[in-house]
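Descriptive structure summary
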Amino acid sequence: ALNLIPPNRLPRAVMDYEWKRIAENPKVDIRFNTAVYDYKSLLQQGFAAVIVAVGEQKSRTLGIEGENLAVDYTDYLKRSEQFVVNGNVAVVGGGAVAVDCATTAKQQGAKHLEMFVRRQLSDMRITAAERQSLLEKAVDITTMTRVTKVIREQDTLTLYTTKTQFNEDGRLVDITGTEIPRRGFDLMILALGSTRGEEMTLADNI
């Protein structure tokens with residue numbers, strides 16, 4: 001997962017140094033290519049505690065028509081050089097992962113980058129530095145907007161979007177009659193973050 005973070009935010013030299021420092025610690029035993037299916041067995045081997053830190057491996061999806069036309073953020077950040085475009089790029093999502101995708105696409109020559117965020121600007125879970133990077137890269141942020149459908153028209157993608165609002169119960173809902181087509185995108189990146197999916201947790205096993 002660390003390799004998905006762009007080098008400008010996490011220099012590879014720093015990452016290599018940290019791995020080397022951990023590996024050289026005589027109190028740390030690193031075991032590669034070792035699957036663990038039952039965490040109880042580790043306790044039975046004499047470990048005092050078990051910390052599960054495998055990350056969230058399943059990308060979140062929109063569940064909309066045409067979603068398969070988008071590139072998942074994991075694929076994009078692993079191989080961004082394969083998705084270089086100099087036109088319009090849409091990033092769906094408003095967190096740190098979405099910021100990484102947006103700034104990477106701009107660095108690689110995207111002419112126009114627009115982020116679609118369902119909630120308010122103040123709800124975006126990003127740091128001040130990440131917010132500043134969006135400003136410096138001239139990334140447009142379209143808030144209170146949900147992508148409802150994606151279609152391919154000739155050589156570009158058309159995103160259908162609808163405006164959102166918070167109802168009396170504080171739930172985010174669509175505003176009826178506000179759906180519009182947004183045409184001319186060369187690339188759409190799905191950056192909603194990830195979820196645990198069906199993987200086991202520590203609580204499932206201990």
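Just above, that's the structure.
In this report, we go over the structure that sits alongside the text. (Residues numbered from 1 in each chain as written. Predicted model: local features only at pLDDT ≥ 70, side-chain atom pairs only at ≥ 80, totals over all residues. Heavy atoms only, no water.)

Brief notes about the overall build of the chain
Each helix and strand in the chain was counted, giving six helices and eleven strands. In the chain, buried positions account for 33% of the 206 residues. Considering only contacts within the chain whose residues lie at least 6 apart along the sequence, 63% involve residues at least 24 apart. When the accessible surface of the chain is totalled, it reaches about 13100 Å², and 49% of it is carbon and sulfur. (Helix = DSSP H or I, 4+ residues; strand = E, 2+ residues; numbered from the N terminus. Buried < 20%, exposed > 50% of the residue type's maximum accessible area, 1.4 Å probe, protein only. Contact = heavy atoms within 4.5 Å. Areas by Shrake-Rupley, 256 points an atom, 1.4 Å probe, with all protein chains shown as cover.)

Notes on the pattern of salt bridges
What the rule picks out here adds up to six salt bridges. In this structure, Asp-174 and Arg-146 form a salt bridge, with 2.5 Å as the shortest nitrogen-oxygen distance. Here Asp-174, found in strand E8 (residues 172–174), pairs with Arg-146, found in strand E6 (residues 145–153); they are 28 residues apart in sequence, far enough to count as distant. Among the residues examined, Asp-174 registers a relative accessible area of 36% and is labelled partly exposed. Among the residues examined, Arg-146 registers a relative accessible area of 25% and is labelled partly exposed. (Salt bridge = Lys/Arg side-chain N within 4 Å of Asp/Glu carboxyl O.)

What to know about the pairing of strand E10 (residues 187–190)
Of the two faces of E10, both are covered, the one formed by Leu-187 and Ile-189 as well as the one formed by Met-188 and Leu-190. Judged from the two bridges that link them, strand E2 (residues 71–72) and E10 form a sheet pairing that is parallel. Counted as the bridge partner of Asp-72 is Leu-190 from E10. Judged from the four bridges that link them, strand E3 (residues 88–92) and E10 form a sheet pairing that is parallel. Its bridge partner lying in E10, Val-91 is registered against Ile-189. (Pairing = 2+ DSSP bridges.)

Quick look at the packing of aromatic side chains
The full count for this structure, using the stated rule, is two aromatic pairs. When the centroid spacing of 6.1 Å and the interplanar angle of 40° are considered together, the rings of Tyr-76 and Phe-83 count as tilted. Tyr-76 sits in the buried class, given a relative accessible area of 1%. The exposure class of Phe-83 is partly exposed, given its relative accessible area of 22%. (Phe/Tyr/Trp six-rings, centres within 6.5 Å; stacked < 30°, edge-to-face > 60°.)

As for the sheet that holds E3
What the five strands build is an open sheet, ordered E2-E10-E3-E4-E5; its pairing is parallel. Strands with a single pairing partner mark the edges of an open sheet, and in this sheet they are E2 and strand E5 (140–142).

Considerations on the side chain of Thr-148
Along the chain, the position of Thr-148 falls in strand E6. The exposure class assigned to Thr-148 is buried, which follows from its relative accessible area of 16%. In this structure the side chain of Thr-148 is engaged in a polar contact, spanning 2.6 Å, whose partner is the side chain of Glu-179. Look past the residues within four positions of Thr-148 in its chain and what remains in contact with it is Ile-64, Glu-65, Tyr-160, Thr-161, Thr-162 and Glu-179. (Polar contact = N/O pair within 3.5 Å; in protein donor to acceptor, adjacent residues only side chain to side chain.)

Digging into helix H4 (residues 96–107)
Helix length check: H4 (twelve residues) gives 16 Å between terminal C-alpha atoms against 16 Å at 1.5 Å per residue, within 8%. Counting buried positions along H4 yields nine of twelve residues, so the element is predominantly enclosed. Restricting attention to buried positions, one finds in H4 the residues Ala-98, Val-99, Asp-100, Cys-101, Ala-102, Thr-103, Thr-104, Ala-105 and Lys-106. Those residues of H4 that are buried are in contact with helix H3 (73–78), E3, strand E4 (112–116), helix H5 (128–136) and E10. Looking at the residues trailing H4, positive phi occurs at Gly-109, about 110°. (Expected span 1.5 Å × (residues − 1).)

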